[in-house]
Amino acid sequence: MENNFYLIGVGGQGVISLGQILADYALKKGERVKFFKEVGMAQRGGPAHSEVRMGEVFGSRIPPLSADLVVVMELAEGLKTLELVKPGGMVILNKKKIYPLDLMVHPEKYPKEAEIAYLFEEAGAKLFWIDAGEIANEVGLPLAENIVLLGVITYLASLDKEIILTVLKENIPYEVEKNMAAFDRGYKIAEENKAEKEKGEA
Amino acid sequence: MRKLLTGNEAVVEGIIEAGVEVVSGYPGTPSTEVILTLLPLVKELGIHIEWSVNEKVAAEIAAGAAWAGKRALTTMKMSGVNVAADSLASIAYSGCTGGLVIFVADDPGAHAGMPEQDSRYYAKSLVIPMLDLASQQECLDYVKLALEISEKIGGPIFLRSTTEVSHTASNIETGKKLKLEKKEAHFERNIVKYTKASSAWCMAQHQEALNRLALALKIADNYVTESGIKVNKTHFEPDSPYGVIYAGAVEGNFREALKIYQLKISWLKIGMVHPLPEERIKEFLAKVDRVLILEELDPIIEKEVFRLASPGDGEKKVKILGKLDHLLPLTGNYSFRQVKGALEVLLDTQLEVDPDPQLLQRAKELEVKRPTSFCVGCPHRGTYFALNQAIKNLKYKKGEIIITGDIGCTILGMNQPFESCWTEVAMGASIGIAQGFKWAGIKKPVVATIGDSTFFHAGIPPLINAVYQQVPLTVIILDNGWTAMTGFEENPGTIPLKEVSRTRVDIAEVCRGCGVKKVNTIDPYRPEEAIKAIMESLEYPEVSVIVSRRECALQAKRREIRLPQRKVDIEKCTGCRICLNTLACPAMVFHPKEENNKPYMEITADCFGCGLCAFTCPTGAIEVIKDGE
């Protein structure tokens, strides 16, 4: 079974460390893995992305229409992933908007949520919206935005929760309680969302 | 044991397993992580590892060690080979006794900026064999192989990586540490081999280097590594008239395509790209009718295939596809889609529908551009701010004063809002190019800006030249104490860390020693004094140097240096955005006017406390946060 994760955001959001956790998870599961990280000018406000490919894969980059799960940590950055989403694949859209200088003055120029959603839906993706930044603030660790998303990913991609939590603790050995809380919140929201949807469909 | 390692980390594993005793290099994306990963292990390994002042020096150090019989490796990015090439050419002629590996990481796609140049040409021109890495496992295996080949042939060898191979992690099968016989360092005097002052000796050395090439191919062509990788490998698919010849990082996408579309075609993988396995290529061509060459950057293999495929009387003609027929580009790294597209032409069939182009077009239009700027607290922000102010105070218009930029973080002064730097060429070149502008007859002041590491690397000779030729020039050395852009490596100007023994070299003293009469040191966090000093320098009739000294804020923060942070008094702030527009500090957030609120600025908790914003504020709305607030 092949499983392709594409994670994208802006430098400082934890896109690379999130990818590292997923890659370490795959290693622990004994799966073949390719983990590509874009190490560019992210530190200086630029875009950042990482790709984790599990299973019988060869290339380090996810081919078009092959991403099973896309995690958009900064909303507008998600636009770069449209060609990668597998029809029927899942896209997690974090509501975080990070404005570069000119958009700070003209926030109205930032792409609308509805239009981004429309494009992904046209591409055949299933969408999952979340405000991970707010939840991370609520648990008292704003930096844990990526860990909230890790909770969501773990549920949506049916990853082995125990192994993910072990890897999480190994990778981030500090603020363990708060990180666990962030993870749990993300995991539960994804779980409840699914339950609600099923109720709606029933 | 299986480990998750990037290509560069796998090179490190190879270095350790192969018992390399001297490792030298200069930072450069995508090669940097080799030494960056190795350096913290220096005590544990008991070997010598260093960031040298530039790639030429690094190569010389590795060669010296290999001449004394030790295993040595030097690392650099492709631009670094240009710097090291002068020495490498001679080293290759002389050969070596210990194993000598030159690890070079190319950057097809220019992810880190700089020319995409294909370092495989260097293998040819310097007469050095070259292995081309296609996977992370090879990064480990080929370090060992390269050292083995180097010692067997008695000459240096290139190990070439590319961004995609170096920066991807995958599960690696690590091997055993080789048990090498402990050798004392020993160098035998042999001027026929190690000097160049005789044409007969040089030509004899050249011939020996050529002989070594042939020997290297003989060893590599049928070599199988510990983990089972065949360096050069031919796969014949019975009954298929189609073939692919490839080398390097394209392997991932090619094999991915074979898997996805279940293609049955013959292929030839080339792991040693110099010299090429001509016999193997000829055998391959004999069995296919159409062949696609997959190699990134220049059509080096493709041209050789054309030569080898030229049919004799009555021989069949093979159709060759690649770059020379414009099927594939000469620039960039190949995406999966490009590889797939080329395979479609080879097989004359459509493999799969592409994503909806209209959708992609719309998404592209909506994308948010993120111009890179200086980090929070970056001292360079203060330097460029002061430089722009000094130019303005001297009544020059913006855009009248040529400012040559250089490699590293300092070049970000080209971006908004500073828009200072006009050019970027190569390490140290800002100072040389600036002199050319003066001799061409530019009357107004010309300024060169350069970072500390870049100055040590190649900025000193052009500065000496400016002194000797009496060129009026302002050289601003932005000394943040670190080789920051590539990941905060040390350089001769770095404040020595507790755990290492180093002698710090003072840049201002170096400049005085070079004969510069006017050398001023400024603090970019003190704009008033900085502006004054730069104004003086711009009006000085000879070459003058400003050393703008303040530690990289990210490193200072890591070393727990804390400065008083700033906050905005919302009552006083008029929302004029002068601070934001002149400094573009990432710790600033502008809140536009809303129904019940006037517009105002916010300074977030990311503030490092450089204090420049307070200097720019016309209403005095930015104040220091006092303890306990």
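Just so you know, these numbers come straight off a predicted model, no measurement behind them.

With respect to the overall build of chain A
Helix and strand content of chain A: seven helices and six strands. Secondary structure elements in chain A, listed N-terminal to C-terminal, are β-α-β-β-β-β-α-α-β-α-α-α-α. Counting only C-alpha atoms, chain A reaches 45 × 45 × 35 Å along its principal axes. When each of the 202 residues of chain A is scored for burial, the buried share is 54%. Carbon and sulfur atoms provide 51% of the accessible area of chain A, an area that totals close to 8,300 Å².

Focus on the pattern of salt bridges
Residue and element names in this part refer to chain B. Evaluation of the coordinates by the stated rule reveals 54 salt bridges over all chains. Its salt-bridge partner being Lys56, residue Glu60 comes within 2.8 Å of it at the nearest N-O pair. Taken together, the residues Glu60 and Lys56, both in helix H4 (residues 55-67) and four residues apart, mark about one turn of the helix. Residue class for Lys56 comes out partly exposed when judged on its relative accessible area of 28%. One connected set of salt bridges, linked through shared partners, spans Asp106, Asp118, Arg120, Asp132, Arg160 and Glu295.

Overview of the side chain of Thr483 of chain B
Residue and element names in this part refer to chain B. Here Thr483 shows up in the loop between strand E17 (473-479) and helix H19 (507-513). In this structure the side chain of Thr483 is engaged in a polar contact, spanning 2.8 Å, whose partner is the side chain of Ser453. A polar side-chain atom of Thr483 sits 3.3 Å from a polar atom in the side chain of Asn491. Here Thr483 is in contact with Tyr26, Pro27, Ser453, Phe488, Glu489, Glu490 and Asn491, once residues within four sequence places are set aside.

Regarding helix H20 (residues 527-539) of chain B
All names here are of chain B. Relative to the 18 Å expected for 13 residues at 1.5 Å per residue, H20 spans 18 Å between its end C-alpha atoms, a close match to the ideal helical length. Of all the positions in H20, only Pro527, Ala530, Ile531, Ala533, Ile534, Ser537 and Leu538 are classed as buried. Buried positions in H20, seen along its axis, are confined to an arc of 165° and lie on one side of it. Across from the buried face of H20, at angles greater than 90 degrees, the exposed residues are Glu528, Glu529, Lys532 and Glu539. Tucked into the core, H20 has its buried residues touching helix H16 (379-393), strand E16 (446-451), E17, strand E18 (518-522), strand E19 (543-549) and helix H23 (612-616).

Focus: the pairing of E16 of chain B
Residues and elements named next belong to chain B. The buried fraction of E16 amounts to six of the six residues, a majority that puts the element mostly inside the structure. Residues Val446, Ala448 and Ile450 of E16 are buried on one face, and the alternating residues Val447, Thr449 and Gly451, pointing to the opposite face, are buried as well. Pairing of strand E15 (residues 402-404) with E16 involves three bridges; the strand directions are parallel. In the sheet register, Thr404 faces E16, and the bridge partner there is Ala448. Viewed along the sheet, the connection from E15 through helix H17 (residues 429-440) into E16 turns out right-handed.

Here we look at the packing of helix H1 (residues 7-17) of chain B against helix H7 (residues 136-153) of chain B
Residue and element names in this part refer to chain B. At a closest axis distance of 7 Å, the pairing of H1 and H7 adopts a crossing angle of 25°. Considering the angle they form, H1 stands roughly parallel to H7. Crossing geometry of H1 relative to H7 is assigned as right-handed. Facing H1, whose interface residues are Gly7, Ala10, Val11, Glu13, Gly14, Ile15 and Glu17, H7 presents Gln136, Cys139, Leu140, Val143 and Lys144. Broken down by class, the residue content of the contact of H1 with H7 amounts to six nonpolar, three polar and three charged.

So, the domain arrangement of chain B
Residues and elements named next belong to chain B. With domains assigned, chain B is organised as domain 1 (2-179 + 189-221), domain 2 (232-347), domain 3 (379-558) and domain 4 (566-624). The distance between the C-alpha centroids of domain 3 and domain 4 comes to 29 Å. Listed by partner, the interface residues are 13 residues for domain 3 and 12 residues for domain 4. Across the domain 3/domain 4 interface, buried area totals approximately 1,100 Å², and carbon plus sulfur atoms make up 75% of it. Among the residues of domain 3 in contact with domain 4, Arg381, Phe385 and Tyr525 are the three that bury the most area, contributing 50% of the side total. There are zero salt bridges connecting domain 3 and domain 4. Of all the secondary-structure elements, those providing two or more residues to the side of domain 3 that touches domain 4 are H16, H20 and helix H21 (553-558). Its residues placed into classes, the side of domain 3 that touches domain 4 shows nine nonpolar, one polar and three charged.

Let's talk about the sheet that holds strand E6 (residues 130-132) of chain B
All names here are of chain B. Pairing is mixed across the open sheet formed by seven strands, whose spatial order is E3-E2-E4-E5-E7-E6-E12. Only two strands of the sheet have a single partner each, and these edge strands are strand E3 (48-51) and strand E12 (272-274). Put simply, the sheet's adjacent strands are angled 20° from each other on average, direction ignored. Across six bridges, strand E4 (residues 72-77) lies against strand E5 (residues 100-106) in parallel orientation. Its bridge partner being in E5, Ala72 is matched across the sheet by Leu100. Lying over the sheet, helix H5 (residues 78-94) contacts E4, E5 and strand E7 (157-162), oriented at roughly 140° with respect to E4.

What about the interface of chain B and chain A?
In this assembly, 47 residues from chain B lie in contact with 50 residues from chain A. For the pair chain B and chain A, the two sides together bury roughly 4,200 Å², of which 65% comes from carbon and sulfur. The three residues of chain B that bury the most area against chain A are Leu4, Leu359 and Arg370 of chain B, which together make up 17% of that side's buried surface. In this structure, the salt-bridge partner of Glu115 of chain A is Arg362 of chain B, at a minimum N-O distance of 2.7 Å. If you look at where chain B meets chain A, you find 17 residue pairs in polar contact (both at pLDDT 80 or more). Counting residues per element, the ones that place at least two in the side of chain B that touches chain A are strand E1 (2-6), helix H8 (163-167), strand E8 (168-173), helix H11 (250-260), helix H14 (336-347), helix H15 (357-366), H21 and strand E21 (588-591) of chain B. At six residues, H11 of chain B tops the list of elements feeding residues into the side of chain B that touches chain A. Class assignment for the residues of the side of chain B that touches chain A results in 24 nonpolar, 10 polar and 13 charged. Of the pairings in the sheet, the one linking strand E2 (residues 33-37) of chain A to E8 of chain B comprises three bridges and is antiparallel in character. Residue pairing in the sheet places Lys34 of chain A in a bridge with Ser170 of chain B of E8 of chain B.

Overview of the environment of Val83 of chain B
Residue and element names in this part refer to chain B. In this fold, Val83 is placed in helix H5. A relative accessible area of 26% places Val83 in the partly exposed class. Sequence spacing of Val83 and Gly341 is 258 residues, and the spatial spacing of their C-alpha atoms is 37 Å. Every residue in contact with Val83, bar those within four places of it in the chain, is listed here: Asn54, Glu55, Lys56 and His457.

Rules behind the numbers
- Residues numbered from 1 in each chain as written.
- Chains lettered and ligands numbered in written order.
- Predicted model: local features only at pLDDT ≥ 70, side-chain atom pairs only at ≥ 80, totals over all residues.
- Heavy atoms only, no water.
- Helix = DSSP H or I, 4+ residues; strand = E, 2+ residues; numbered from the N terminus.
- Buried < 20%, exposed > 50% of the residue type's maximum accessible area, 1.4 Å probe, protein only.
- Areas by Shrake-Rupley, 256 points an atom, 1.4 Å probe, with all protein chains shown as cover.
- Salt bridge = Lys/Arg side-chain N within 4 Å of Asp/Glu carboxyl O.
- Polar contact = N/O pair within 3.5 Å; in protein donor to acceptor, adjacent residues only side chain to side chain.
- Contact = heavy atoms within 4.5 Å.
- Expected span 1.5 Å × (residues − 1).
- Arc of directions from axis to C-beta.
- Pairing = 2+ DSSP bridges.
- Right-handed = clockwise from strand over helix to strand, strands pointing away.
- Axes fitted to C-alpha atoms, helices over the stretch in contact; angles between N-to-C directions.
- Parallel < 35°, antiparallel > 145°, perpendicular 65-115°, else oblique.
- Left-handed = near helix turned anticlockwise from the far one by under 90°.
- Nonpolar A, V, L, I, M, F, W, Y, C, P; charged D, E, K, R; others polar.
- Domains from an automatic or database assignment.
- Buried area = accessible area lost by both parts, 1.4 Å probe.

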